[in-house]
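Secondary and tertiary structure notes
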Amino acid sequence: MSEPFAAPAARSLGPVILLGVPGAGKGTQAQRIVAHYGIPQISTGDIFRAAADTPQGRELAQYMERGELVPDRLVCAILAPRLQQPDCRQGFILDGFPRTVPQADWLLTFLAEHRMSGARGPIVVYLTVGYNDLYRRLAGRRTCPKCGRIYNDFSQPPQRPGLCDLDGAELVQRRDDDPAVIRERLISYEERTLPLIEHLRRRSCFHQIYGADPVARVTENVFWALESCRDGAA
Ligand SMILES: [Zn+2]
């Protein structure tokens, strides 16, 4: 990949929050930010797993076993010590957090109290995609039940339609890649997330970026957004 910005991070980047519906490309962009800026990606899933043997982790497990929503105070209590680790000093990427307005408020207060973000607050990158973009990415996705290889009818088709290149097995589509499920997921994400987006838009260095452009262009736009939000940037 060609690097839009040649010089690696000399100054602190600060906290970066990535938002977007599953399939918008958050994972790919997060990997590129990690590689370019050398800051860690903090995902709540990883932190929950790492906390398994702590009292808080055991409390968390009880909620998960009952299939109940984990209370914000518990999520925040597990997240706080991770954000204070030395590897987070130059910044970090949050993936899957915050999900709610109360979580966002906790985070903004925490970051301000610990002087982790600049005057403009954390950097928020909201990756947007339309239904058709998401459909192409997800509905076209087929996997081989035998070897696990992933194909895409639109961007990475197998040599013979519907069959794995490696072992000839018949490719299958996952239930959550179904068009109706994709439409439902996009609508419910937007409904759930709109209050959070509007809340953060006013309290952060906020950038909305179209996520369905070619990946390299999205990365270029994301890096530009990060640079423009850095302390001292105009
Ligand atoms: Zn296969």
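Let me begin by describing the structure that accompanies this report. Given the structure is predicted, the values throughout are model-derived calculations rather than measurements.

What about the overall build of the protein chain?
- A tally of helices and strands in the protein chain yields eight helices and seven strands.
- Since a compact globule built from 234 residues should have a radius of gyration of about 17 Å, the 19 Å found for the protein chain is in line with a globular shape.
- Along the three orthogonal principal directions, the C-alpha set of the protein chain runs to about 55 × 45 × 30 Å.
- Across the 234 residues of the protein chain, 43% fall into the buried class.
- Pairs at least 24 apart in sequence give 70% of the contacts found in the protein chain among residues at least 6 apart.
- Total accessible area on the protein chain stands at roughly 12700 Å², and carbon and sulfur atoms take up 51% of it.

Topic: the side chain of Gln-29
- Take Gln-29: it is sitting in helix α1 (residues 26-37).
- In this structure the side chain of Gln-29 is engaged in a polar contact, spanning 2.8 Å, whose partner is the side chain of Thr-219.
- Discounting chain neighbours no more than four positions away, the residues touching Gln-29 are Leu-127, Val-215, Val-218, Thr-219 and Val-222.

Considerations on the coordination of the zinc ion
- Protein coordination of the zinc ion is provided by Cys-144 (SG), Cys-147 (SG), Cys-164 (SG), Asp-167 (OD) and Asp-167 (OD), with donor distances spanning 2.2 to 2.6 Å.
- Here the donor residues of the zinc ion are spaced in sequence according to C-x2-C-x16-C-x2-D. With Cys-144 in the loop between β5 (141-143) and β6 (150-152) and Cys-164 in the loop between β6 and α7 (179-201), this pair connects stretches of sequence that are 20 residues apart. You'll find Cys-144 and Cys-164 in the same group, each marked buried.

Points about the nonpolar core
- If you look at the biggest cluster of nonpolar residues, it comprises 61 residues, and the most contacted ones within it are Leu-19, Ile-33, Leu-83, Leu-94, Val-222 and Leu-226.
- Ranked by residues supplied to this core, first place goes to helix α4 (residues 72-83) with seven residues.
- Residues contacting Leu-19, with those up to four places away along its chain left out, are Lys-26, Pro-98, Val-124, Val-125, Tyr-126, Leu-127, Tyr-189, Leu-196, Ile-197 and Leu-200.
- Counting five residues, the second-largest nonpolar core is a separate cluster that includes Cys-144, Tyr-151, Ala-169 and Leu-171.

Remarks on the packing of aromatic side chains
- Scanning all chains against the criterion turns up five aromatic pairs.
- Between Trp-106 and Phe-110, the aromatic rings sit 5.1 Å apart at their centres with planes inclined by 25°, giving stacked as the arrangement. In this pair, Trp-106 and Phe-110 both sit in helix α5 (residues 101-113), four residues apart, roughly one turn of the helix.
- Looking at Trp-106, the relative accessible area reads 23%, which means it is partly exposed.
- Seen in terms of ring centroids, Tyr-126 and Phe-206 are 6.4 Å apart; in terms of plane orientation they differ by 55°. Their pairing is tilted. Here Tyr-126 is found in strand β4 (residues 123-128), whereas its partner Phe-206 is found in strand β7 (residues 205-210), with 80 residues between them in sequence.
- Of the residues examined, Tyr-126 reaches a relative accessible area of 12% and is grouped as buried.
- Look at Phe-206 and you get buried, because its relative accessible area is 15%.
- Clustering of aromatic rings is evident, with ring pairs tying together Phe-97, Trp-106 and Phe-110.
- Residue placement shows Arg-66 over the ring face of Tyr-63; its charged tip is 5.2 Å from the ring centre.
- The side chain of Arg-183 reaches across the aromatic face of Tyr-131, ending 4.0 Å from its centre.

Brief notes about the packing of α4 against α5
- Packing of α4 against α5 leaves a shortest axis separation of 11 Å and a crossing angle of 30°. Taken together, α4 and α5 sit at an angle that is classed as roughly parallel. Crossing geometry of α4 relative to α5 is assigned as right-handed. Of the residues in α5, those in contact with Asp-72, Val-75, Cys-76, Leu-79, Ala-80 and Leu-83 of α4 are Pro-102, Gln-103, Trp-106, Leu-107 and Phe-110.
- Each residue belonging to the contact of α4 with α5 can be placed in one class, and the counts come to nine nonpolar, one polar and one charged.

Considering the pairing of β4
- For β4, the tally of buried residues reaches six of six residues, placing the bulk of the element in the interior.
- Both faces of β4 are covered, namely the face carrying Ile-123, Val-125 and Leu-127 and the face carrying Val-124, Tyr-126 and Thr-128.
- Bridge count for strand β1 (residues 14-19) against β4 is four bridges, and the pairing is parallel. Bridge pairing in β4 links Leu-19 to Tyr-126.

Rules behind the numbers
Counting restarts for each chain: residues are numbered from 1 in the order of the written sequence. Only residues with pLDDT of at least 70 get local features here, since the model is predicted, and only at 80 or more are side-chain atom pairs given and counted; chain-wide, interface and lining totals rely on the full set of residues. Excluded from the side-chain calculations are hydrogens and water; all other atoms, namely the structure's heavy atoms, are used. Runs of H or I in DSSP of at least four residues are treated as helices and runs of E of at least two as strands, each being numbered from the N terminus. Each radius of gyration reported is based on C-alpha atoms, and the globular scaling rule is 2.2 Å times the count of residues to the power 0.38. Burial here depends on accessible area, computed with a 1.4 Å probe over protein chains only, as a share of the maximum for the residue type. Under 20% is buried, over 50% is exposed, and the range in between is partly exposed. Any two residues whose heavy atoms approach within 4.5 Å are treated as being in contact. In this description, accessible areas are obtained by the Shrake-Rupley approach with a 1.4 Å probe, and a residue is regarded as covered only by the protein chains that are shown. What qualifies as a polar contact is a pair of N or O atoms within 3.5 Å, subject to a donor-acceptor requirement within protein and to the restriction that residues adjacent in sequence count only when both atoms come from side chains. For Na, K and Ca the donor cut-off is 3.2 Å, while for other metals it is 2.8 Å, and in both cases only N, O and S atoms qualify; water is not among them, so sites may look incomplete. Only buried residues count toward a nonpolar core, which is a set of Ala, Val, Leu, Ile, Met, Phe, Trp, Tyr and Cys residues joined through side-chain atoms within 4.5 Å. Two rings from Phe, Tyr or Trp (for Trp, the six-membered ring) form a pair when their centres are within 6.5 Å of each other. A pair whose planes differ by under 30 degrees is stacked, one over 60 is edge-to-face, and the rest are tilted. Put simply, a charge is over a ring when the Lys NZ or the Arg CZ is close to the ring centre, within 6 Å, and near the line of the ring normal, within 35 degrees. Note on definitions: angles span 0 to 180 degrees between N-to-C directions of axes, and those axes are lines fitted to C-alpha atoms, for helices only across the stretch in contact. When an angle is under 35 degrees it counts as roughly parallel; over 145 it counts as roughly antiparallel; between 65 and 115 it counts as roughly perpendicular; any other value is oblique. Helix crossings get a hand from a simple test, with the near helix turned counterclockwise from the far one by less than a right angle marking a left-handed crossing and a clockwise turn marking a right-handed one. For this classification, the nonpolar set comprises Ala, Val, Leu, Ile, Met, Phe, Trp, Tyr, Cys and Pro, the charged set comprises Asp, Glu, Lys and Arg, and every other residue, Gly included, is treated as polar. Each pair of strands is called paired provided DSSP finds at least two bridges between the two strands.

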